[in-house]
Structures are given as structure tokens and as C-alpha cells.
Amino acid sequence: MSRIIPIVVLCLVTMGHAQRRGILPGASDPHQPRASQHATSAVAAPPAVIIQARNVASELGGDVAVIKMNGLCPAGGAKDQPACATTVTKDQFEDVLSAVSLGGQVFSPAAVRNVADDYVQNLILADAAEKAGMEKDPRIEELLRIVRVRTLAEAYRRKMEEKYRNPSKEEIEKYYQDNIARYESVRAERLMIPKFHPRWPKDVTGEFQKKAAVVAAEIRERAAAGEPFDRLQNDAFLKLGITPPSMVPETGLRRRATFPAEVGNEIFALKPGEVSHVESESGGYVVYRLIDKPTASLDQMKGEIVRELYQQKMELAVKGTLHAVKTEFNNQYFAPPSTPRALPVEGKTPAPGTGKRRMQPSHSVKLPPVAEKPAAQASKTDKH
């Protein structure tokens, strides 16, 4: 047990040192045993050297000594023998590597050597501390207890991560079907009529804004009849005495959540070629004409779904466990927290290849006029 203490401390210290040096790339499989903890690539050594070192290491037997500390007596032996030595076999050292890589790191050859150097130094200094009786110091005993608690807490988080990181195919498909509306996008032309004249933005009379509202209503009726947005945009600006823009921008592909709730609901209810009511936004009056409404496929959304399922399950597991215990702090002793602390749930890094699709602005796309509606339905649609 006297040798276990420095190993536990080493796990915490070495992980911090190595991560700061940038030599612990993420593991593709944290369950790999012993020798496979050696990385297949590294940033510090040429590929040929890495391959050679890995091949040589893999050929060694598990009982071959890989570290020998002359002058350090083994646990349980006499402490005053200058000729005694402590050896660490390949299997024993790779057990240390496995413990240090609790988070699933894969070690480059340089990282393996750094772990070995730290391990040796900690063993020697821990032996000196034991000889000095420091392990019986109440403060050291309390520190070891804290190290144990922190290590177990981190191990629990890692275990939950491993458990929830890869949801089943059935879970992913069900989540996709249950949330299919979230994966719809719209692409629409967007015609904007400014509420304020660019030369006189502070219109205290409000006359320009009233005129802009009248023009917007007129333009919207012409848009519903099928006129192209570039012409309408040009006419609207000229009526207001403003130089028109050179193009009518598209929205690009946008999900429902990127619009204000009422605007999004209306736009997503449109059919291709239909136009929205006049929407009042902060800078002006806006009219949308739907171009298309594609739904992202399951393959396209898989990364996002996996991430969301993982986050939800981690919150239930970790936050649920934390919230099950009602903690009270004595405010006469503790100062109140300056800001609420986030609960320690990981997994917020976006999965590779799940970036949002974007469309560049373009000129107006002419669409065929919308078929006329029955009078009752038309009056309901055009109430604005």
C-alpha cells in the first residue's frame, strides 16, 4: 500500500503536466489495455523513430524490467541496504500508464518517457517521505483522503461519459423522428423596407416610418401576385427617396429556432412561392418569399443528435446525482458565490463535420405566381 500512494498522486500530477505540454492526444478507444496506450503518432519525434520504438516495446515480455532504481529498497524489504534496488516490469509500468490515462489519453513515446520520469521521482521522494514519518502527519493523511475523493469523482464522470458517448442506432433514429420539425430548414428571399431614412435616422415626427409602413403593405400585395423581389425592392426604396441596394439577399438555410417564434411559425407554414405578412423588425418592415423547405437527413444530423443525447444523459446522471443531496452552507462562515458555478457536466465540444450549412446572398430568384385562393382564404391570409 505504501507504493499505491505515490501512484495515485502521480496520476493527478502527471495528467496535469502532460496535458499542459500538449503531449496527450485524445484516445479513440479509452479501453485499450497496457501496451496499446503507446500512440501511433507523436508531435515530437519523426515517424520512423516512433514506429521503431513502438515495435521494440511491443516485443518485450510483460515481466521484463523497464525501470530499475538502484538504492531504492523494495516495499517490505530492509531500509538500510545500499545495494538494494527496486525494479518495475513492463506490465507494472503499463498498469501505471493505464491509471494515468483515466481520461482515455493515448501516449506518444515522449509522453511515456515523461510519465516514467515523474513516476521515478515520485517513488524516490515518497520513499524519503515515509522514512521521515510524513505519512503519519494528519495533514498528509487528509490530503491523501482528498486525492482519493477527487480521483473517484473524476472516475465517475469518465465512466458516465463512456456509457453515454455512443447511443444506439435505434436511439438516434427515434430521436430524429421525434424531433423531425427541428431539422427542417427554410430558404427564402427577404425584402426589407427601412423604417428610418439613412440621412435622418432620428425622425421625431414619425412621418417616414408611417410612409414606409404604407409602402410595405403595397409591396407585399405585389409580392403575393408574383412580382420579382429585386424589382419590388427597387421600387420601394425609390418611393421612399432612398438609393436601392444592388441585390435582394436570401436568408440562406435557416432553422426554425433562428427566427422569432411567431415569424418562424409563419415562414415554415408557407409553401414555395408564397409570401409572408409584413413583419416588423427592428430596422424595417420585412417580407419573406419561400424558395424551398428542405429537411436535413438523419445522416446529416447524426452528429448533432449524438451530442444532444449525450448531453441530456450526462445531465440526468451527474446533475441528478448532485441534486439528490441537499447541501447547506453556513453563510456566517462562507462568503456567497460571486457567480453561480456551472455543474461539472462535459461533452460540449461539437462533433466533427456538424457545422451549419450557409448560403451566400444572391439576386432574387423568380418564382411562378401563386395560384389564386378562394376569397375567404385570401382575406384571412392577407389580413396584414
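Residues numbered from 1 in each chain as written. Predicted model: local features only at pLDDT ≥ 70, side-chain atom pairs only at ≥ 80, totals over all residues. Heavy atoms only, no water.

### Comments concerning the overall build of the protein chain
Definition in use: Helix numbers and strand numbers start at the N terminus; a helix is a DSSP run of H or I with at least 4 residues, a strand a run of E with at least 2. The rule is simple: take the accessible area with a 1.4 Å probe, protein chains only, and divide by the maximum for that residue type; under 20% is buried, over 50% is exposed, in between is partly exposed. By the convention used here, residues are in contact when the closest approach between their heavy atoms is within 4.5 Å. Shrake-Rupley sampling with a 1.4 Å probe provides the accessible areas, and residues are treated as covered by the protein chains on show and by no other component.
Secondary structure assignment for the protein chain yields eleven helices and six strands. Taking all 384 residues of the protein chain together, the buried fraction comes to 33%. If you take every contact in the protein chain between residues at least 6 apart in sequence, the share linking residues at least 24 apart comes to 73%. Total accessible area on the protein chain stands at roughly 23,900 Å², and carbon and sulfur atoms take up 57% of it.

### What about a nonpolar patch on the surface?
As a reminder of what qualifies: Residues forming no salt bridge and having over 30% relative accessible area are the ones grouped into patches, like charges within 9 Å of each other and nonpolar side chains (Val, Leu, Ile, Met, Phe, Trp, Tyr) within 5 Å. Salt-bridge detection follows one rule: a side-chain nitrogen of Lys or Arg within 4 Å of a carboxyl oxygen of Asp or Glu.
The grouping of Leu-60, Val-64 and Val-66 at the surface amounts to a nonpolar patch, some 190 Å² of accessible area in total. Relative to the assigned elements, Val-64 resides in the loop between α2 (47–59) and β1 (65–70). The exposure class assigned to Val-64 is partly exposed, which follows from its relative accessible area of 32%.

### Section: helix α9 (residues 261–269)
Buried within α9 are the following residues: Val-263, Gly-264, Glu-266, Ile-267 and Phe-268. Lining the buried residues of α9 we find β3 (185–194), β4 (254–255), β5 (279–280) and β6 (284–292).

### Quick look at the pairing of β6
To keep it simple, the criterion reads: We treat two strands as partners when DSSP finds at least two bridges between them.
By the criterion of burial, β6 is predominantly enclosed, with eight of the nine residues buried. With eight bridges joining them, β3 and β6 adopt antiparallel strand pairing. The residue of β6 that forms the bridge with Arg-190 is Tyr-288. As judged from the two bridges shared by β5 and β6, these two strands associate in the antiparallel manner.

### Thoughts on the confidence of the model for the protein chain
Applicable threshold: Confidence of the predictor at the level of single residues is captured by pLDDT, which takes values from 0 to 100.
This prediction gives the protein chain a mean pLDDT of 76; 70% of its residues lie at or above 70. Here residues 1–9 is modelled with pLDDT under 50, and outside its nearest four sequence neighbours on either side it reaches 17 contacts, counting other chains as well. For the stretch residues 12–45, pLDDT sits under 50, and the model shows 64 contacts to residues farther than four places along the chain or on other chains.

### Examining the packing of helix α6 (residues 169–178) against helix α10 (residues 298–323)
Our working rule: Where helices are involved, their axes are fitted lines through C-alpha atoms of the stretch in contact, as for all axes, and angles between N-to-C directions lie from 0 to 180°. Any angle from 65 to 115 degrees is called roughly perpendicular, while one under 35 is roughly parallel, one over 145 is roughly antiparallel, and all others are oblique. Under this grouping Gly is polar, as are all residues other than the nonpolar Ala, Val, Leu, Ile, Met, Phe, Trp, Tyr, Cys and Pro and the charged Asp, Glu, Lys and Arg.
Axis separation between α6 and α10 bottoms out at 9 Å; the angle between their running directions is 100°. With respect to α10, the axis of α6 lies roughly perpendicular. Across the interface between the two elements, Glu-171, Ile-172, Glu-173, Tyr-175 and Tyr-176 from α6 touch Leu-298, Met-301, Lys-302, Ile-305, Val-306, Glu-308, Leu-309, Gln-312 and Lys-313 from α10. Classifying every residue of the contact of α6 with α10 gives eight nonpolar, one polar and five charged.

### Let's talk about the side chain of Thr-251
Summarising the element assignment, Thr-251 is placed in the loop between α8 (229–239) and β4. Judged by relative accessible area, which is 15%, Thr-251 ranks as buried.

### A few points about helix α3 (residues 90–100)
We count it as follows: The arc in question is traced by the directions running from the helix axis to the C-beta atoms.
The set of residues buried in α3 consists of Lys-90, Phe-93, Glu-94, Val-96, Leu-97 and Val-100. Seen from one end, α3 has its buried residues packed into an arc of 145°, which puts them on one side.

### Structural notes on the side chain of Lys-195
For the record, the criterion: Counted as positive: Lys and Arg. Counted as negative: Asp and Glu. His and the chain ends are not counted at all. Between N or O atoms, a polar contact is any pair within 3.5 Å; within protein, one atom must be a potential hydrogen donor and the other a potential acceptor, and residues adjacent in sequence are included only when both atoms are from side chains.
Relative to the helices and strands, Lys-195 resides in the loop between β3 and α7 (207–224). For Lys-195, which is buried and forms no salt bridge, the nearest opposite charge comes from Glu-281, at a distance of 8.7 Å. At 2.7 Å, the side chain of Lys-195 forms a polar contact with the side chain of Ser-280. Here the side chain of Lys-195 touches Glu-281 through a polar contact of 2.9 Å, landing on its backbone oxygen. In this structure Lys-195 touches Phe-208, Gln-209, Ala-212, Ser-280, Glu-281, Ser-282, Gly-283, Gly-284 and Tyr-285, once residues within four positions along its chain are discounted.

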